[in-house]
Every structure is written in C-alpha cells, then in structure tokens.
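Here's the letter readout for the chains.
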Amino acid sequence: MELIQNTADLSAYLADDEAIDHHHPLVRETASRLAEGVADSYAYARAAFAFVRDTIPHSADAGDLRVTWRASDVLELRTGICYAKAHALAALLRAEGIPTALCYQRLAHDDGSGHAVHGLVAVRFHGAWHRQDPRGNKPGVDARFSLGGERLAWIPDPAAGETDYPMLYAAPHPRVLDALKTAPDRPSLWRTLPDAL
C-alpha cells in the first residue's frame, strides 16, 4: 500500500497542536529522559515506541474508564485507547524532530457486531514512511517497531470489511478527535467511535 501525505509540507508532521502537544513540559521531560544514552534518532524512536506501547496500558485492556486524548494527559494519567496512545507517541517523536503522521485502519469488532477505526502512527526515516502500532500487546497481539516490514497489531481482512487507510494525517482526524473529546467515559466512547473515515 502506498502511504499518502494529506499535506506536502513535511514540517506539518512536526507541528504541535492541542492533541499532539509536544511543547508541554511533561512531554519534553519524557522525551529528554528517553533520549539519554541512545545512539541516534532511530534508537530514540524505538525507545519511545516501546515506552508508549509497554508502560501506558490500553484503557480497555486495563479496565480504565477514563478517556484521554491530549498527549500530555496520556503521559500523566498513564492510560488511553489506540488514538490517545498514537497521539502520545507522535508527540514524543516530534519533540525530537522525527516527522510523525497519524494513520488509521478500519477493523471489525471481535464479536462481529460492526467496525471501528483503529489509530496508529507512521514515522519518516530514510525518505519513506513506516507505520507503527503502539496500542499495546496482549495475547494474540504482538506489535513491534520496525522499519523493515510492518509489525502491526492487526492486518485488515478485506472480506470482513476491514481496510488500511492510506492517508497520513498531520493532525488527528476530526471524527476521531471529536469522539475522544466528547466522551465522558470509555463505555460512552465505545458507542461513538467512528466506524469508517
């Protein structure tokens, strides 16, 4: 699949906004700590990915009812669904000058009751974009940081109505951000998650 930037301006993928608030002191402090002792930007990106994937539980896996959407809140409260964790990773990567995009998949619910949009990121190294999924591993999910072939949590099944969206967004998709910002808790969010983009 060819990934497509929604803007030709690469600097847009380094921008700070209300969700990817990489100028926030907590984001900067976390990025500085992760950057200590790493050899290069690739090693930093790998460390930031592992940090978000492994130390910030996916709120559904943890049974956490709180909804986070701003990167700094995800880092402070240590919880978030896939979108929120993608925002946190994007902020940590952009804080260190690594162009990072938000991207999405459409996946079927485990119980077959419909679909939901799943959020991930893409990082730019060696003149190309590479998708990464910091959602968090669990039985049956083994996402890893990789520039040599994708190691995502899920591979969409077109026969089940699933798909990879090729668009790389510089800012969170408005439908995603609206769902996160308006949900009072995670059960409410589950009812309002976008099922397509």
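Conventions and cut-offs
Residues numbered from 1 in each chain as written. Predicted model: local features only at pLDDT ≥ 70, side-chain atom pairs only at ≥ 80, totals over all residues. Heavy atoms only, no water. Salt bridge = Lys/Arg side-chain N within 4 Å of Asp/Glu carboxyl O. Core = buried A, V, L, I, M, F, W, Y, C linked by side-chain atoms within 4.5 Å. Buried < 20%, exposed > 50% of the residue type's maximum accessible area, 1.4 Å probe, protein only. Helix = DSSP H or I, 4+ residues; strand = E, 2+ residues; numbered from the N terminus. Contact = heavy atoms within 4.5 Å. Phe/Tyr/Trp six-rings, centres within 6.5 Å; stacked < 30°, edge-to-face > 60°. Lys NZ or Arg CZ within 6 Å of the ring centre and 35° of its normal. Pairing = 2+ DSSP bridges. Axes fitted to C-alpha atoms, helices over the stretch in contact; angles between N-to-C directions. Expected span 1.5 Å × (residues − 1).

A. Examining the pattern of salt bridges more closely. Under the criterion given, the structure shown has 10 salt bridges. In this structure, Arg66 and Asp64 form a salt bridge, with 2.7 Å as the shortest nitrogen-oxygen distance. Beyond isolated ion pairs, a larger network of salt bridges with shared partners links Asp61, Arg135 and Lys138.

B. Here's a closer look at the nonpolar core. Tyr44, Tyr83, Leu92, Leu93, Leu102 and Tyr104 are the most contacted members of the largest nonpolar core, which has 47 residues in total. If you list the elements that add at least two residues to this core, you get helix H1 (25-35), helix H2 (41-55), helix H4 (71-77), helix H5 (82-95), strand E2 (100-108), strand E3 (115-125) and helix H6 (174-182). Element by element, the count of residues in this core is highest for H5, at 11 residues. Setting aside chain neighbours within four positions, we find Tyr83 in contact with Tyr104, Val117, His118, Gly119, Val176, Leu180, Leu193 and Pro194. Grouped together as the second largest cluster of nonpolar side chains are 10 residues, Leu3, Ala12, Tyr13 and Leu168 included.

C. Just the packing of aromatic side chains, in detail. A full pass over the atoms with the stated rule returns 6 aromatic pairs. Grouped by ring-pair contacts, the aromatic residues Tyr42, Phe49, Phe125 and Phe145 constitute a single cluster. One Lys or Arg, Lys181, reaches over the ring of Trp69 and ends 5.0 Å from the middle of that ring. Lying over the aromatic face of Trp190, Arg186 brings its terminal NZ or CZ to 5.4 Å of the ring centre.

D. Geometry of the sheet that holds E2. Here we have 4 strands laid out as an open sheet, ordered E4-E3-E2-E5, and antiparallel in their pairing. With one partner strand each, in any of the chains shown, strand E4 (128-132) and strand E5 (163-164) form the two edges of the open sheet. Here E2 pairs with E3 via 9 bridges, running antiparallel. Within E3, the residue paired with Cys103 across the bridge is Leu120. Running at roughly 10 degrees to E3, H5 makes contact with E2 and E3 of the sheet.

E. Inspection of the environment of Leu168 at higher detail. By the element assignment, Leu168 lies in strand E6 (residues 167-168). Judged by its relative accessible area of 0%, Leu168 falls in the buried class. Distance from Leu168 to Val74, taken between C-alpha atoms, is 22 Å for residues 94 residues apart in sequence. In this structure Leu168 touches Leu3, Ile4, Gln5, Asn6, Tyr13, Ala101, Leu102, Cys103, Ala122 and Trp129, once residues within four positions along its chain are discounted.

F. Here's a closer look at H5. Between its first and last C-alpha, H5 extends 20 Å over 14 residues, near the 20 Å set by a 1.5 Å rise per residue. For H5, the buried fraction is high: 14 of the 14 residues fall into the buried class. Just beyond H5, the residue with positive phi is Gly97, at close to 80 degrees.

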